[in-house]
There are 2 protein chains.
Amino acid sequence: MEIRLEPAVLAGFRFAGVAAGLRSEPGRKDLGIIVADAPVSAAGVFTTSRIKAAPVLVAQDHLRSGRLQAIAANSGSANCFTGKAGIRLARDSCAALASAVGCEIELVAPCSTGVIGHLYDLEKYRAGIANAAATLKPEGLTDFANAIMTTDTHPKLASTTAGLGGTRITIAGCAKGAGMIEPRMATMLAFIVTDAAVRPPQLRTVLKNVLPRSFNAITVDGDMSTNDTLLLMASGAAGNRALSGRDLQKLEKAIGDVAATLGRELVRDGEGASKLVTIEVRGARSEADASKIARSIANSPLVKTAFFGCDPNFGRIAMAAGKAGVEFDPERLEVSLAGIKIASRGALEVEALAEAAARMKEREFALTLDLKMGKASARVITCDLSYDYVKINAEYTT
Amino acid sequence: MEIRLEPAVLAGFRFAGVAAGLRSEPGRKDLGIIVADAPVSAAGVFTTSRIKAAPVLVAQDHLRSGRLQAIAANSGSANCFTGKAGIRLARDSCAALASAVGCEIELVAPCSTGVIGHLYDLEKYRAGIANAAATLKPEGLTDFANAIMTTDTHPKLASTTAGLGGTRITIAGCAKGAGMIEPRMATMLAFIVTDAAVRPPQLRTVLKNVLPRSFNAITVDGDMSTNDTLLLMASGAAGNRALSGRDLQKLEKAIGDVAATLGRELVRDGEGASKLVTIEVRGARSEADASKIARSIANSPLVKTAFFGCDPNFGRIAMAAGKAGVEFDPERLEVSLAGIKIASRGALEVEALAEAAARMKEREFALTLDLKMGKASARVITCDLSYDYVKINAEYTT
């Protein structure tokens, strides 16, 4: 199955994205909606922050039934740290879309991203919903993806197809990210829809299984947002038979590939990122151990600035691995950077460093640590820490 | 007791710092020694990294007796990830100083900082030790402090005095830091000496007690080094009577003040730092809870870039507090930035932000969160994340 970095048309879904005036830049798209033809299976994961935005609380509540018919997502305001007024605003926002679509309020999930501590204007929002509902179309996913961007430089889209018991099904998704990205169970905002028929409990399991290798295996700056949301909807319009065994695995693999691709694109477009680096830790005693070390390296400012400087700085890699709180034997450690072995058996391979430095000039490379302690492994995708990360974040008010 | 940012002369100790040619910059001081007139009480804390430098392993071993007579500290090479050859080098380095001073090898603690994965030249080191031993003097602490610097822009020194049962005792210390600073039990390299008479077990307790509010309450980039070492020596030459009760507390307070001052100076001179920010979390259920939130804020790249941009970005503060894994009620949270209340009772005080932004132009300010959940509190001192942090670390090989 090929993953394409573009939208797709799926039976049972329509999309729209409009400029509702919720952002300070006039004319910029800031409100997107996804609408299914009828109530469909849905699953979601959300930020584990103690400070959850109002739309997160409302969406969690609405998702308990395992069904949704519509999603409304806006940029320009996170509707977070807004107290009871924020909850009321999120519910009124659901009501606006429910009324436009003709469904129950509880079948709408709200999502917001942008400045924290501010309420958006409900009248502008309602007018935007009306405008969006009037422009819904099956080809509208790119408009939706554009409406949810903040510091992203371009919309992130991915799609694929799979054959399930003779029926061809389609999966499409989009995401926004750029900063505040180290989801512990979701990313900033991501949406994946499929026309496959999947029961809600199956969809929840699929979501749980694809997370560790997609949105939970990426980081930009180690910061987790108050609004992180990932929603998955399945319309069933493709008409496949009830899923089990190999077909369910195929669906999970296809959704996982779309999720991993969106995650990767989020890091590639991370704030100020000029390098995409895959950190792989192998030979660990457990996946948890491998993941801890990979994450410690992926989030170390000293390692990330070395990536930016194309500096094969083994010392910082060793430092970040060592501080992860995982037992391993430095004497067995083997490290490859951009395909070049730079350390093994407790010693640096000094003569290999120049070649590694040259290869680090590429836009993408891998850093691999083999602990030689066991058989478990884990991967985290990260980016470098550049002048532009500082520039973007010293000048932008979240 | 006043803390002075300068060295002091203490009965029983002499210091030196020389250029031994261990660094690439010719003529730059890179080898320092501290020598006591006789074996004295000593205590130390070290990095908890899984990758410990050879000098850390040797110093830990030598400190088991609770006594030291001399310390040798070099910059230019960390002697880390250097295998058995590194251990041999650290021991031979101790032997060189032991022979120059006329003490047992086990009474010498070695410390190194600089590039990881390289051995320094033992012959140059030995010549440097001979030179340093010939230039030892009671006024030599500044020379020593200069010899251990890496990306530091100036040496960090602090001293004070205290009256213990009618005897005036003196405490002096120095430290080097700048980057890779989030000690979990020590800093990069720090040395504190006193002429007070203290038994080794008392000295160990004092060290343990002063850490949480000094070197463990600072961060530059959240990265912990492989070589972090803090050593404390007490010559007893002041001739105070055996310490207990209030006198012991007075000594602990004085040593704690010197340690806290050195820690603060490390952050002030953090790589690229232009702001010194004290993060205080109050009203927590436990000190551990308060510390987790303070640390999460202090290490967030998004918060640190906002400090650099003088941006009173409540959203990022809320994000970093929320992701710390501590239960609290956002509706009770009260936040003050640079002395201005910017949020309380679940709502942002929008009209206060301009004044807070203006006050953030100062070089030092505080960020205070009151959780209103309990009575515990914690403080962490941090700095901003600037273009210069990226510049220094994209261009320097550790």
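### Side note on the overall build of chain A
Regarding its fold elements, chain A presents 11 helices and 14 strands. A compact globule built from 398 residues would reach a C-alpha radius of gyration of about 21 Å, and chain A, at 22 Å, matches this within 12%. Reported as C-alpha extents along the three principal axes, the dimensions of chain A are approximately 65 × 50 × 35 Å. Here chain A, with 398 residues, has 64% of them falling under the buried criterion. Working note: accessible area of chain A is about 13800 Å², and carbon and sulfur atoms make up 49% of it. Computed over 47 positive and 42 negative side-chain charges, the inter-centroid distance for chain A is 4 Å.

### Some remarks on the interface of chain A and chain B
Contacts between chain A and chain B engage 57 residues on the former and 57 residues on the latter. For the pair chain A and chain B, the summed buried surface comes to about 4700 Å²; carbon and sulfur atoms form 62% of the total. It is A:R50, A:F81 and A:Y387 in chain A that bury the most area against chain B; as a group they hold 16% of the surface buried on that side. On the surface where chain A and chain B come into contact, there are eight residue pairs in polar contact (both at pLDDT 80 or more). Of all the secondary structure elements, the ones that give two or more residues to the side of chain A that touches chain B are helix 8 (301-308), helix 9 (314-322), strand 12 (347-348) and helix 11 (387-395) of chain A. For the side of chain A that touches chain B, the element with the most residues is helix 11 of chain A, which contributes seven residues.

### As for unusual backbone geometry
Excluding glycine, most residues fall at negative phi; most peptide bonds, likewise, are trans. Residues and elements named next belong to chain A. Not every positive phi belongs to a glycine, and N79 is a case in point at roughly 45 degrees. In this structure, N79 sits in the loop between strand 3 (67-74) and helix 2 (83-101). Unusually for a residue other than glycine, F81 sits at a positive phi of about 60 degrees. Looking at the element boundaries, F81 is found in the loop between strand 3 and helix 2. You can call F81 buried: its relative accessible area is 6%.

### A look at the confidence of the model for chain A
Looking at chain A, pLDDT values average 92 and 96% of them are 70 or higher. Here the prediction assigns the complex a pTM of 0.85, and the interface score ipTM is 0.81.

### Some words on helix 3 (residues 122-134) of chain B
Residue and element names in this part refer to chain B. Its 13 residues give helix 3 an end-to-end C-alpha distance of 18 Å, which sits within 8% of 18 Å, the value for a rise of 1.5 Å per residue. Taken together, the buried positions of helix 3 are occupied by L122, Y125, G128, I129 and A132. The arc that holds the buried residues of helix 3, viewed along the axis, is 115 degrees, so those residues lie on one side. Residues E123 and A134 are exposed on helix 3 and point more than 90 degrees away from its buried face.

### Some points on the packing of aromatic side chains
This structure, assessed with the given rule, holds 12 aromatic pairs over all chains. With 6.4 Å between their ring centres and 25 degrees between their planes, A:F13 and A:F15 make a pair best called stacked. The pair A:F13 / A:F15 is uniform in exposure class, with both members buried. Consider the rings of B:F307 and B:F365, whose centres lie 5.7 Å apart with planes at 80 degrees: the pair is edge-to-face. Linking B:F307 in helix 8 (residues 301-308) with B:F365 in strand 13 (residues 364-370), this pair joins segments that are 58 residues apart in sequence. When sorted by exposure, B:F307 lands in the same class as B:F365, which is buried.

### Examining the sheet that holds strand 10 (residues 334-337) of chain A
Residue and element names in this part refer to chain A. Strand order across the open sheet formed by six strands is 12-11-10-13-9-14, with mixed pairing between neighbours. For this open sheet the edge positions go to strand 12 and strand 14 (376-383), each flanked by a neighbour on one side alone. Sheet analysis places strand 11 (residues 340-344) next to strand 12, joined by two bridges and oriented antiparallel. When the bridges of strand 12 are listed, S344 appears paired with A347.

### Digging into the side chain of A:Q69
All names here are of chain A. Along the chain, the position of Q69 falls in strand 3. With a relative accessible area of 7%, Q69 lands in the buried category. A polar contact of 3.5 Å, which involves the side chain of Q69, links it to the backbone oxygen of D37.

### Notes on the pattern of salt bridges
Residue and element names in this part refer to chain B. This structure, assessed with the given rule, holds 40 salt bridges over all chains. Among the ionic pairs, K29 bridges to D143, the shortest N-O distance being 4.0 Å. Remark: D143 occurs in helix 4 (residues 141-147) and K29 occurs in the loop between strand 1 (13-18) and strand 2 (31-46); sequence separation between them is 114 residues. The exposure class of K29 is partly exposed, given its relative accessible area of 29%. What makes D143 partly exposed here is its relative accessible area of 25%. Across the pair E265 and R268 runs a salt bridge whose closest N-O atoms are separated by 3.2 Å.

### A word on the sheet that holds strand 10 (residues 334-337) of chain B
Residues and elements named next belong to chain B. Ordered in space as 12-11-10-13-9-14, the six strands form an open sheet in which the pairing is mixed. At either margin of the open sheet sits one strand with a lone partner, and together these are strand 12 (347-348) and strand 14 (376-383). Here strand 9 (residues 276-284) runs beside strand 13; their pairing, made up of seven bridges, is parallel. Pairing of I279 across the sheet is with L367, part of strand 13. Against the sheet, helix 7 (residues 287-298) contacts strand 9, strand 13 and strand 14, and its axis sits at roughly 20 degrees relative to strand 14.

### So, the environment of B:L251
Residue and element names in this part refer to chain B. With respect to the helices and strands, L251 occurs in helix 6 (residues 245-268). Along the backbone, L251 and G163 are 88 residues apart, and their C-alpha atoms lie at a distance of 8.7 Å. Those residues within four positions of L251 in sequence are excluded, and the remaining contacts are L164, I169, I171, A196, V198 and L243.

### Observations concerning the relation of the copies chain A and chain B
You can overlay chain A on chain B at an RMSD of 0.0 Å; the transform is a turn of 180 degrees with a shift of 0.0 Å along its axis. Classification of the inter-copy transformation places it as that of a two-fold axis. When C-alpha positions in chain A are compared against the rotation axis, the closest is assigned to A:Y387, at 2.8 Å. Counting the interface residues of chain A, we find that 100% of their copies in chain B are interface residues as well, pointing to one common contact surface.

### A closer look at the pairing of strand 2 (residues 31-46) of chain A
Residues and elements named next belong to chain A. The buried count for strand 2 comes to 12 of 16 residues, which makes it a mostly enclosed element. Taken together, the six bridges between strand 1 (residues 13-18) and strand 2 define a ladder with antiparallel strand orientation. Its bridge partner lying in strand 2, G17 is registered against G32. Pairing geometry for strand 2 and strand 3, over seven bridges, is antiparallel. Counterpart to V35 in the pairing with strand 3 is A70.

### Some details on the packing of helix 1 (residues 54-63) of chain B against helix 2 (residues 83-101) of chain B
Residues and elements named next belong to chain B. Where helix 1 contacts helix 2, the axes come no closer than 8 Å and their chain directions differ by 55 degrees. By the angle between their directions, the pair helix 1 and helix 2 is classed as oblique. Both helix 1 and helix 2 take part in a crossing whose hand is right-handed. Seen from helix 1, the contacting residues are A54, P55, L57, V58 and H62; seen from helix 2, they are G86, I87, A90, R91 and C94.

Calculation criteria
Residues numbered from 1 in each chain as written. Chains lettered and ligands numbered in written order. Predicted model: local features only at pLDDT ≥ 70, side-chain atom pairs only at ≥ 80, totals over all residues. Heavy atoms only, no water. Helix = DSSP H or I, 4+ residues; strand = E, 2+ residues; numbered from the N terminus. Rg over C-alpha atoms; globule rule 2.2 N^0.38 Å. Buried < 20%, exposed > 50% of the residue type's maximum accessible area, 1.4 Å probe, protein only. Areas by Shrake-Rupley, 256 points an atom, 1.4 Å probe, with all protein chains shown as cover. Lys, Arg positive; Asp, Glu negative; His and termini not counted. Charge placed at Lys NZ, Arg CZ, Asp CG, Glu CD. Contact = heavy atoms within 4.5 Å. Buried area = accessible area lost by both parts, 1.4 Å probe. Polar contact = N/O pair within 3.5 Å; in protein donor to acceptor, adjacent residues only side chain to side chain. pLDDT = per-residue confidence, 0-100. Expected span 1.5 Å × (residues − 1). Arc of directions from axis to C-beta. Phe/Tyr/Trp six-rings, centres within 6.5 Å; stacked < 30°, edge-to-face > 60°. Pairing = 2+ DSSP bridges. Salt bridge = Lys/Arg side-chain N within 4 Å of Asp/Glu carboxyl O. Axes fitted to C-alpha atoms, helices over the stretch in contact; angles between N-to-C directions. Least-squares fit on C-alpha atoms with pLDDT ≥ 70 in both. Parallel < 35°, antiparallel > 145°, perpendicular 65-115°, else oblique. Left-handed = near helix turned anticlockwise from the far one by under 90°.

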